[in-house]
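Summary of structural features
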Amino acid sequence: MAMANANPLTRIQGHTIVRHMELVVDPATWISDLRLRLSSGEALGSSSVEVVFEDVSELCLRGLGGGLTQLLYLEAEDHRPDQLDRIKFRVKELERDSLSLSCAAIRIEPAGPG
């Protein structure tokens, strides 16, 4: 059972518009990282952040594309106490269930204007 730790993704609240999405696979290890650049608005120059989900597994994407793509509410559940191999967080988009994944780490970096 996951501990009731704070959602590490609360730091990106308000950044819902997907500007860039990239799945990077290391050919030597077959480990995948998902990089998302999220913006706070549609206008160029809006505040942006980059979220990197490291060592991704169980990636599921639904209903993305076809115009403005948003991830409205991302939640990360802390599964470190479960001592699962390479799974420290389970991430879900709660509004439309458009993204879910498991990962070993989450990194959030400022990305400058979108």
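To be clear, the structure that these remarks concern was listed above.
If you're wondering where the values come from, they're calculated on a predicted model, not measured in any experiment.

Along the chain, the regular secondary structure elements total zero helices and eight strands. Reading the secondary structure of the chain in the N-to-C direction produces β-β-β-β-β-β-β-β. Radius of gyration (C-alpha) of the chain: 14 Å, near the 13 Å computed for a compact globule of 114 residues. Dimensions along the principal axes, computed over C-alpha positions, put the chain at roughly 40 × 35 × 25 Å. Counted over contacts in the chain with a minimum sequence separation of 6, partners at least 24 positions apart contribute 54%. If you sum the accessible surface of the chain, you get close to 6,400 Å²; carbon and sulfur atoms cover 51% of it. Measuring between centres, the 12 positive side-chain charges of the chain sit 2 Å from its 17 negative side-chain charges.

Along the chain, the position of Val25 falls in strand S1 (residues 17–25). With 46 residues separating them along the chain, Val25 and Leu71 place their C-alpha atoms 22 Å apart. Contacts of Val25, omitting those with residues within four sequence positions, involve Trp30, Ile31 and Ser32.

As a further point, take the nonpolar core. The tendency in soluble globular proteins is for nonpolar side chains to be buried as a group. Counting 20 residues, the largest nonpolar core has Leu9, Leu38, Val51, Phe53, Val91 and Ile106 as its most contacted members. Elements with a contribution of two residues or more to this core: strand S2 (32–39), strand S3 (47–54), strand S5 (74–78), strand S6 (89–93), strand S7 (99–103) and strand S8 (105–113). In this view, Ile106 contacts Pro8, Leu9, Val51, Val52, Phe53, Ala76, Phe89 and Val91; residues no more than four positions away in its chain are not counted.

A surface patch of nonpolar side chains, amounting to about 550 Å² of accessible area, comprises Met21, Leu23, Val25, Trp30, Leu59 and Leu61. Counting residues per element, the ones that place at least two in the nonpolar patch are S1 and strand S4 (57–61). With three residues, the single largest contributor to the nonpolar patch is S1. Along the chain, Leu23 turns up in strand S1. A relative accessible area of 45% places Leu23 in the partly exposed class.

With that settled, the discussion passes to the pattern of salt bridges. Should the charged atoms of two oppositely charged side chains come close, the side chains can pair. Scanning the model with the defined rule gives seven salt bridges in all. Residues Glu50 and Arg35 are paired through a salt bridge, measuring 2.6 Å at the closest nitrogen-oxygen approach. With a gap of 15 residues between them, Glu50 in strand S3 and Arg35 in strand S2 connect regions that are remote in the sequence. Judged by relative accessible area, which is 19%, Glu50 ranks as buried. When salt bridges with common partners are traced through the structure, they connect Glu54, Arg107 and Glu109 into a single cluster.

Once that is clear, we can look at the sheet that holds S7. Spatial strand order, S4-S7-S6-S5: four strands in an open sheet with antiparallel pairing. Sheet topology places S4 and S5 at the edges, where each strand pairs with a single neighbour. Each strand of the sheet is rotated relative to its neighbour by a mean of 15°, with strand direction disregarded. Of the pairings in the sheet, the one linking S6 to S7 comprises four bridges and is antiparallel in character. Of the residues in S7, the one forming a bridge with Val91 is Leu101.

Rules used in this analysis
Residues numbered from 1 in each chain as written. Predicted model: local features only at pLDDT ≥ 70, side-chain atom pairs only at ≥ 80, totals over all residues. Heavy atoms only, no water. Helix = DSSP H or I, 4+ residues; strand = E, 2+ residues; numbered from the N terminus. Rg over C-alpha atoms; globule rule 2.2 N^0.38 Å. Contact = heavy atoms within 4.5 Å. Areas by Shrake-Rupley, 256 points an atom, 1.4 Å probe, with all protein chains shown as cover. Lys, Arg positive; Asp, Glu negative; His and termini not counted. Charge placed at Lys NZ, Arg CZ, Asp CG, Glu CD. Core = buried A, V, L, I, M, F, W, Y, C linked by side-chain atoms within 4.5 Å. Buried < 20%, exposed > 50% of the residue type's maximum accessible area, 1.4 Å probe, protein only. Patch = residues over 30% accessible without salt bridge, like charges linked within 9 Å, V, L, I, M, F, W, Y side chains within 5 Å. Salt bridge = Lys/Arg side-chain N within 4 Å of Asp/Glu carboxyl O. Pairing = 2+ DSSP bridges. Axes fitted to C-alpha atoms, helices over the stretch in contact; angles between N-to-C directions.

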